[in-house]
Amino acid sequence: MDEFKACNLDYFPEIILIDVLSYLSVRELVRAGRVCKRWKRLVKDQRLWRLVDLTAWKGVTSRILWLLLRQYLGCGLRCLRLRGLLLSARGGTFLSESWLKALSTKCPRLSKLYLLHADLRGLPSCQLLPPSLQVLELRGCELPKEFFNQTPTSAAASQEGAEATSSVGAQQQRRDQKGKGVGSPSGIGIERLVLNSVPSFTDQHLQSLTSWERLTRLELRDTFRVTANGLRSCAAKDGACGVEGLSRLKFLEIGITGRQGYQLQMASLGLGTGWLGLEELRLGGKEVGPGLLCASRLKDLKCLCLWACTLSKMQIVRSCRMLRGLRRLEFLDVIFQPRQCPPVVEEKSRAMRRLKVEIIAMMRTRHQI
């Protein structure tokens, strides 16, 4: 018993201590690193910094982000979740270009970035984000007009200018390289883009996504400024130079559940263009009705998911009858309307009841006579 009482955390192996520290939040981890030198070394272990969630830490500023990046974040970071200052009374710049460049250098394996209530209007383009990103999720953020555009860097532009002044042969060589580079993958490696409650996202932003040659999943939730015309212009269709638009898109989600007085044109009407290669479709809220009418033209569709809506069974059967390649149909928070009998049948049943009553009355009167 004396040996058990004298035992402390110093006798535990580091693997167990790291497992215990993994249950702490980021703020608690920073405080635990001030206990002693051993704990400071353990807290900096990259196994504790793979999934970093700072959305619950409301007091995060740019100074704290620099502190975390210099002392704790490193090559082990895979997923980063941040809360901006868009709804904060303090305001100010939250994500700077210098911090994003340092994040790209120090965290080369970062694959998922989640931004909540972040004001991104101070960033000229999304190319400042880490090039290793595969998933980008924005919720309640403000975007500039040309945020998703791909612009050549200053170094590449200066190199092209030097080649232009060299000789005619160099110009021809540059043209050949540009011709070959049209089909090459773009510099943005994002494969999944999630936009949730981003009112500043418009058809212009959607058109910019057509240059993202690695984008395969696009989720639009409560993006009120996206119209049917904008969705039609970005549809994957056969053009003069092959498949145009979002040619590599396999998954598309459209849903509007907020703003009860929303009376604008439904974006899901743009599905009527066909959308070549689209295999999975999710429709929710007010986009389900018009989306089902146009989804019958999606020849490559294999999975259809309907959520947060009210539908009738006959409406679903009629809409899905033309989808020959459909393999899976999912429902999430769907209210099915009860089947109503035709009014003609109801009138006939009422007439039969009246006739029965009259016959019974006549039989009783005859029996009394």
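Structure first, text after, so check above.
Quick look at the structure, then. (Residues numbered from 1 in each chain as written. Predicted model: local features only at pLDDT ≥ 70, side-chain atom pairs only at ≥ 80, totals over all residues. Heavy atoms only, no water.)

### Some remarks on the overall build of the protein
We count it as follows: By the criteria applied, helices consist of DSSP H or I runs no shorter than four residues and strands consist of E runs no shorter than two, each listed in order from the N terminus. Per-residue accessibility takes into account occlusion by the displayed protein chains alone, with areas from the Shrake-Rupley method and a 1.4 Å probe.
Along the protein, the regular secondary structure elements total 13 helices and 12 strands. Of the accessible surface of the protein, which amounts to about 22,200 Å², a share of 54% is contributed by carbon and sulfur atoms.

### Concerning the packing of aromatic side chains
Selection rule: Each Phe, Tyr or Trp ring (for Trp, its six-membered ring) is paired with any other whose centre lies within 6.5 Å, and the angle between the two planes then decides the class: stacked below 30 degrees, edge-to-face above 60, tilted in between. Criterion for a charge above a ring: Lys NZ or Arg CZ within 6 Å of the ring centre, and within 35 degrees of the ring normal.
A complete count under the given rule lists five aromatic pairs for this structure. For the ring pair F331 and F336, a centre distance of 5.3 Å and an interplane angle of 70° mean the geometry is edge-to-face. Here the aromatic residues F147, F148, F201 and W212 are joined through ring pairs into a cluster of three or more. Residue placement shows R81 over the ring face of Y114; its charged tip is 4.0 Å from the ring centre. Taking the ring centre of F251 as reference, the NZ or CZ of R217 above it sits at 3.9 Å.

### Examining the pairing of strand 5 (residues 192-196)
As a general feature of sheets, a regular strand has side chains that alternate between the two faces. The line we're drawing: Relative accessible area decides the class of each residue, using a 1.4 Å probe on protein chains only: under 20% of the type maximum gives buried, over 50% gives exposed, and in between gives partly exposed. When DSSP finds at least two bridges between two strands, those strands are taken to pair.
Taken across its five residues, strand 5 has four buried, putting it largely inside the fold. In this sheet, strand 5 lies alongside strand 4 (residues 135-139) in parallel orientation, the contact comprising five bridges. Looking at the pairing, L136 lines up with L193 of strand 5. Pairing of strand 5 with strand 6 (residues 217-221), which is carried by five bridges, proceeds in the parallel orientation. Looking across to strand 6, one finds that R192 is bridged to R217.

### Section: helix 12 (residues 313-320)
Test applied: For this quantity, the arc is that covered by the directions from the helix axis to the C-beta atoms. Contact definition: two residues touch when any of their heavy atoms are within 4.5 Å.
All of the buried residues along helix 12 are I316, S319 and C320. Along the axis of helix 12, the buried positions cluster into a sector of 90°, meaning they face one direction only. For helix 12, the elements touching its buried residues are helix 11 (288-294), strand 11 (303-311) and strand 12 (328-336).

### As for the side chain of E137
Structurally, E137 can be placed in strand 4. Each residue touching E137, except ones within four places of it in the same chain, is listed here: K112, L113, Y114, L115 and V194.

### Describing the sheet that holds strand 10 (residues 280-285)
The following threshold applies: Lines fitted to the C-alpha atoms define the axes, with helices restricted to the stretch that makes contact. Angles between their N-to-C directions range from 0 to 180 degrees.
Across the sheet, 10 strands lie side by side as 1-2-3-4-5-6-9-10-11-12; this open sheet has parallel pairing. On the outer flanks of this sheet lie strand 1 (51-53) and strand 12, each paired with one strand and no other. Neighbour-to-neighbour, the strand axes of this sheet turn through a mean angle of 5°, independent of strand direction. Lying over the sheet, helix 12 contacts strand 11 and strand 12, oriented at roughly 155° with respect to strand 12.

### Quick notes on the packing of helix 5 (residues 62-71) against helix 6 (residues 97-106)
Stated formally: Angles below 35 degrees are treated as roughly parallel, those above 145 as roughly antiparallel, those between 65 and 115 as roughly perpendicular, and all remaining angles as oblique. Note on convention: near helix rotated counterclockwise from far helix by under a right angle means a left-handed crossing. Clockwise means right-handed. Three classes are used: nonpolar for Ala, Val, Leu, Ile, Met, Phe, Trp, Tyr, Cys and Pro, charged for Asp, Glu, Lys and Arg, and polar for all others, with Gly counted as polar.
At their nearest, the axes of helix 5 and helix 6 sit 11 Å apart, and the two run at 20° to each other. Taken together, the axes of helix 5 and helix 6 are roughly parallel relative to one another. You can see that helix 5 and helix 6 cross each other, and the crossing is left-handed. Where helix 5 approaches helix 6, its residues L65, W66, L69, R70 and Q71 are matched on the opposing element by S98, W99, A102, L103 and K106. A class-by-class count of the residues in the contact of helix 5 with helix 6 yields six nonpolar, two polar and two charged.

### Points about the side chain of T223
Within the element layout of this structure, T223 appears in the loop between strand 6 and helix 10 (228-233). Using a relative accessible area of 5% as the deciding quantity, one classes T223 as buried. Leaving out residues up to four positions away in the same chain, T223 has contacts with L195, V198 and F201.

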